[in-house]
Amino acid sequence: MGLKTHCFRLERGADLKREIRRYAEQNGIGAAVVASAVGCLTRAAVRDASGAAAHTLEERLEIVSLTGTVSAERLHLHISLAREDLSVIGGHLLDGCIVNTTAEIVLLELPGVRFSGAFDASTGYRELVIGTEGEQQV
């Protein structure tokens, strides 16, 4: 069985991460990757590489990349954004990224694979657990 493609468009005012999560939940996605995401934001919320500091930007930003793993159970997404001066910033996507005019999202669902998460004491985060559909995970 091949990859299943999911394409959807978010409109002005949508929260990017929340809507991707909602889409994955409503469509019962067990495991997917972001194939493409283009659009723009009026507000961005990202966590930096320290893992502790969240940053909120209130400006027009162009989505130049969005990458990560998606399932109905968990999301792990990183975003790169271009400012009006063409400088690029990025980080771990948080709730609170608000779409300006549009965001076009393409997900590739991985048949037979299931992404879930479990706390990893060595990192302090809920980390990816990769399984197969129908498999019991703990």
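All residue numbers here refer to positions counted from 1 along the written sequence of the relevant chain. Reporting in this predicted model follows two pLDDT cut-offs: at least 70 for local features of residues, and 80 or more for side-chain atom pairs to be given and counted; totals over whole chains, interfaces and linings ignore these cut-offs and use all residues. The basis for every side-chain value is the complete set of heavy atoms in the structure, and neither hydrogens nor water enter the calculation.

1. Overview of the pairing of strand S4 (residues 75–82)
Note on pairing: DSSP must find at least two bridges between two strands before they are called paired. Helix numbers and strand numbers start at the N terminus; a helix is a DSSP run of H or I with at least 4 residues, a strand a run of E with at least 2. Relative to S4, strand S3 (residues 54–70) runs antiparallel, the two being bridged by eight bridges. Bridge pairing in S4 links Ser65 to Ser80. Sheet topology note: the S4/strand S5 (residues 88–93) ladder contains five bridges and is antiparallel. Residue pairing across strands places Ile79 opposite Gly91, the latter belonging to S5. Taken together, S4 and the strand that follows it, S5, pair antiparallel across an intervening segment of five residues, in which Leu86 is found at a positive phi of about 75 degrees.

2. Concerning the state of the cysteines
Throughout, a disulfide means two cysteine sulfur atoms within 2.5 Å of one another. What the rule picks out here adds up to zero disulfides. Cysteine Cys40 is unpaired, with the sulfur of Cys97 as its nearest cysteine sulfur at 13 Å. Relative accessible area serves as the criterion here: at 12%, Cys40 is assigned to the buried category. Burial classification: accessible surface area is computed with a 1.4 Å probe over protein chains only, and a residue below 20% of its type maximum counts as buried, one above 50% as exposed, and the rest as partly exposed. A residue is classified by how much of its surface remains accessible, and Cys97, at 0% relative accessible area, is buried.

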